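Listed below are the residues making up each chain.
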Amino acid sequence: MTANVLCNLYDHLWAFVKKLWGVLNMRTFVTKFLHRVLLSDTLPRAMTTDTQTPRRMVVGLGNPGMQGTRHNMGMAVIGALASRLGTGDRWRGDQQVSGEVIVTQVEQTQVVLLRPRLLMNISGASVAKAVSKFGVRPEDVLLIHDDLDKPLGKVTFKHGGSARGHNGVRSCIDCLQTDVMLRLRVGIGRPKEKTPVERYVLGRFSSEEKKLLDSVLDRSVDLVLSQLSGMHITQSSTSPTGGDRTTQRRPKRQAEET
């Protein structure tokens, strides 16, 4: 291959990289802009309730109207959780938080269940509004979401840290301005062969995968309830990495679970 050909190839490759970088930066800019617009109104004031009662929030991340897709695993789990608690018919739309909400009790803990009505990439605005309205601390929020890096059937906790490429979690971190939230990562596996990731996560489960779903949902709900009731299940949790306010930079982030 001649030097001219190599130079031309390099020029085309560099132009492609710059174009791709521009697209990614634009997507980030648009997302952050939408966050600011959605949060520009005065956030709802915290409800006046018994301050002695512990309060937690559980959020099922997903895209509204896309039930049955891999990317909506978080919403599937929180739906199963509501049914287990006997509150599945109590979902109510709340315009103040741009989502659907159930307020219930698990033992001595008041629990707010939230299904954002915003798209996954900007769902953090709904979470931030709900945190403000119900007076829940970010460290008392549990995010439930799908995870490409884990096979279907694998469910683990992650304590704080980065979004690891998940746009819904990234949105929550941006809007809450902290990464301390506990996450329940529900594996969906990676696409086989050359299926684009976006098409894969927005697609529905195969007939073989559907055979595992009930047990995955049951196990996920068991783990959520164990957290809400204060039980510690080490075999299903990652090592705590600790959260961090995003405005504070650590010299070096501790290694996260792989």
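First things first, this report covers the structure right here in the doc. Here the structure is a predicted model, which is why all the values come from computation and not from measurement. (Residues numbered from 1 in each chain as written. Predicted model: local features only at pLDDT ≥ 70, side-chain atom pairs only at ≥ 80, totals over all residues. Heavy atoms only, no water.)

**A look at the nonpolar core**
One finds V58, M73, L113 and L184 to be the most contacted residues of the largest nonpolar core, which totals 32 residues. Every element with two or more residues in this core is listed here: α2 (73–84), β3 (99–106), β4 (109–116), β5 (141–147), β6 (155–159), β7 (182–187), α5 (197–201) and α6 (207–228). Residue contributions to this core peak at eight residues, all from α6. Residues M57, A128, V131 and I173 belong to the second largest nonpolar core, which totals 26 residues. (Core = buried A, V, L, I, M, F, W, Y, C linked by side-chain atoms within 4.5 Å. Buried < 20%, exposed > 50% of the residue type's maximum accessible area, 1.4 Å probe, protein only. Helix = DSSP H or I, 4+ residues; strand = E, 2+ residues; numbered from the N terminus.)

**What about the pairing of β7?**
In the case of a regular strand, side chains alternate between the two sheet surfaces. Of all the six residues making up β7, six are buried; the element is thus mostly covered by neighbouring parts of the structure. Side chains of β7 alternate between two faces, with L182, L184 and V186 and R183, R185 and G187 buried alike. By the bridge criterion, five bridges tie β6 to β7 in an arrangement that is antiparallel. When the sheet's bridge partners are listed, H159 is paired in β7 with L182. (Pairing = 2+ DSSP bridges.)

**Quick notes on the packing of α2 against α6**
It is the contact of α2 with α6, at a shortest axis distance of 9 Å, that shows an interaxial angle of 70°. In terms of orientation, α2 lies roughly perpendicular with respect to α6. Of the two possible hands of crossing, α2 and α6 adopt the one that is right-handed. Between α2 and α6, the contacting residues are M73, A76, V77, A80, L81 and R84 on the first element and L213, V216, L217, D218, S220, V221, D222, V224 and L225 on the second. In the contact of α2 with α6, the residues fall into eleven nonpolar, one polar and three charged. (Axes fitted to C-alpha atoms, helices over the stretch in contact; angles between N-to-C directions. Parallel < 35°, antiparallel > 145°, perpendicular 65-115°, else oblique. Left-handed = near helix turned anticlockwise from the far one by under 90°. Contact = heavy atoms within 4.5 Å. Nonpolar A, V, L, I, M, F, W, Y, C, P; charged D, E, K, R; others polar.)

**Some points on the packing of helix α3 (residues 124–134) against helix α4 (residues 167–176)**
Contact pair α3 / α4: the axes reach a minimum separation of 7 Å and the direction vectors enclose 45°. By the angle between their directions, the pair α3 and α4 is classed as oblique. For α3 against α4, the interelement crossing comes out right-handed. Touching G124, A125, V127, A128 and V131 of α3 are S171, C172, C175 and L176, all from α4.

**Examining the environment of M57**
The topology assignment puts M57 in strand β1 (residues 55–60). C-alpha of M57 to C-alpha of L142: the two residues are 85 residues apart in sequence and 6.2 Å apart in space. Excluding anything up to four places from it in sequence, M57 contacts V112, L114, A130, V131, F134, V136, D140, V141 and L142.

**Some remarks on the packing of aromatic side chains**
A full pass over the atoms with the stated rule returns zero aromatic pairs. Taking the ring centre of Y200 as reference, the NZ or CZ of R70 above it sits at 4.1 Å. (Phe/Tyr/Trp six-rings, centres within 6.5 Å; stacked < 30°, edge-to-face > 60°. Lys NZ or Arg CZ within 6 Å of the ring centre and 35° of its normal.)

**Notes on the pattern of salt bridges**
Evaluated as defined, the whole model comprises ten salt bridges. Of the charged contacts in the structure, one is a salt bridge between E139 and R137, with a shortest N-O distance of 3.7 Å. For E139, a relative accessible area of 37% gives the class partly exposed. Take R137: its relative accessible area is 47%, and that puts it in the partly exposed class. Here R185 ties to D147 by a salt bridge, and the two come within 2.5 Å at their closest N and O atoms. Of this pair, R185 sits in strand β7 while D147 is found in strand β5, placing the two residues 38 residues apart along the sequence. The buried category is assigned to R185, whose relative accessible area is 2%. For D147, a relative accessible area of 6% corresponds to the buried category. (Salt bridge = Lys/Arg side-chain N within 4 Å of Asp/Glu carboxyl O.)

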